[in-house]
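# Inside the fold
Listed here are the chains, written in short residue letters.
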Amino acid sequence: MPVVNIIDNRKNKYRWKKVTAMAEPAFMNERRTARGGVDTTEAARPNWTQKDTTGISLQQAIEWAMKLDGETTLYIENCHLENAE
């Protein structure tokens, strides 16, 4: 299913080799659902509430989120691993 929203919380927007990615179903993002465009029906809700991964590239984070069930909001943050580039 598609990533319908990306929230980029990285302090340095040019860091892409290693990031931390967190995903949640898009219906949980109140700002997005208030504007419409997200299916908020019970049938459209996936059976997960939050997933995360760290130490992957920005491209891998997007690909990872695209494989999750349901419409997804992807949050990108600086990598929290030691020695991250």
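Right above here is the structure, for reference.
We now turn to the structure provided with this report. Worth saying up front: this structure is predicted, and the values here are computed from it rather than measured.

## Focus on the pairing of strand 4 (residues 72-78)
- Most of strand 4 is tucked away: five of the seven residues are buried.
- In this sheet, strand 4 lies alongside strand 1 (residues 3-8) in parallel orientation, the contact comprising five bridges. Bridge pairing in strand 4 links Asn5 to Thr73.
- When strand 2 (residues 19-25) meets strand 4, the two strands line up antiparallel, connected through seven bridges. Within strand 4, the residue paired with Met22 across the bridge is Tyr75.

## Concerning the environment of Gln50
- Here Gln50 lies in the loop between helix 1 (30-35) and strand 3 (51-56).
- Residues Gln50 and Ala23, spaced 27 residues apart in sequence, show a C-alpha to C-alpha distance of 5.7 Å.
- When near neighbours in sequence (up to four residues on either side) are disregarded, Gln50 contacts Met22 and Ala23.

## Things to note about a nonpolar patch on the surface
- On the surface, a cluster of nonpolar side chains totalling about 240 Å² of accessible area is made up of Ile6, Ile62 and Met66.
- Counting through the fold element by element, Met66 comes out in helix 2 (residues 58-66).
- Judged by relative accessible area, Met66 falls into the partly exposed class, the value being 40%.

## Notes on the pattern of salt bridges
- Considering all chains together, one arrives at two salt bridges under this definition.
- A salt bridge links Asp8 to Arg10, with the shortest nitrogen-to-oxygen separation between them at 2.6 Å.
- Classification of Asp8 as partly exposed rests on a relative accessible area of 29%.
- Taking the shortest distance from any N to any O, the salt bridge between Lys13 and Asp8 comes out at 3.8 Å.
- Residue classification places Lys13 among the partly exposed positions, given a relative accessible area of 42%.
- Each of Asp8, Arg10 and Lys13 takes part in salt bridges that share partners, so that together they form one network.

Conventions used here
Residues numbered from 1 in each chain as written. Predicted model: local features only at pLDDT ≥ 70, side-chain atom pairs only at ≥ 80, totals over all residues. Heavy atoms only, no water. Buried < 20%, exposed > 50% of the residue type's maximum accessible area, 1.4 Å probe, protein only. Helix = DSSP H or I, 4+ residues; strand = E, 2+ residues; numbered from the N terminus. Pairing = 2+ DSSP bridges. Contact = heavy atoms within 4.5 Å. Patch = residues over 30% accessible without salt bridge, like charges linked within 9 Å, V, L, I, M, F, W, Y side chains within 5 Å. Areas by Shrake-Rupley, 256 points an atom, 1.4 Å probe, with all protein chains shown as cover. Salt bridge = Lys/Arg side-chain N within 4 Å of Asp/Glu carboxyl O.

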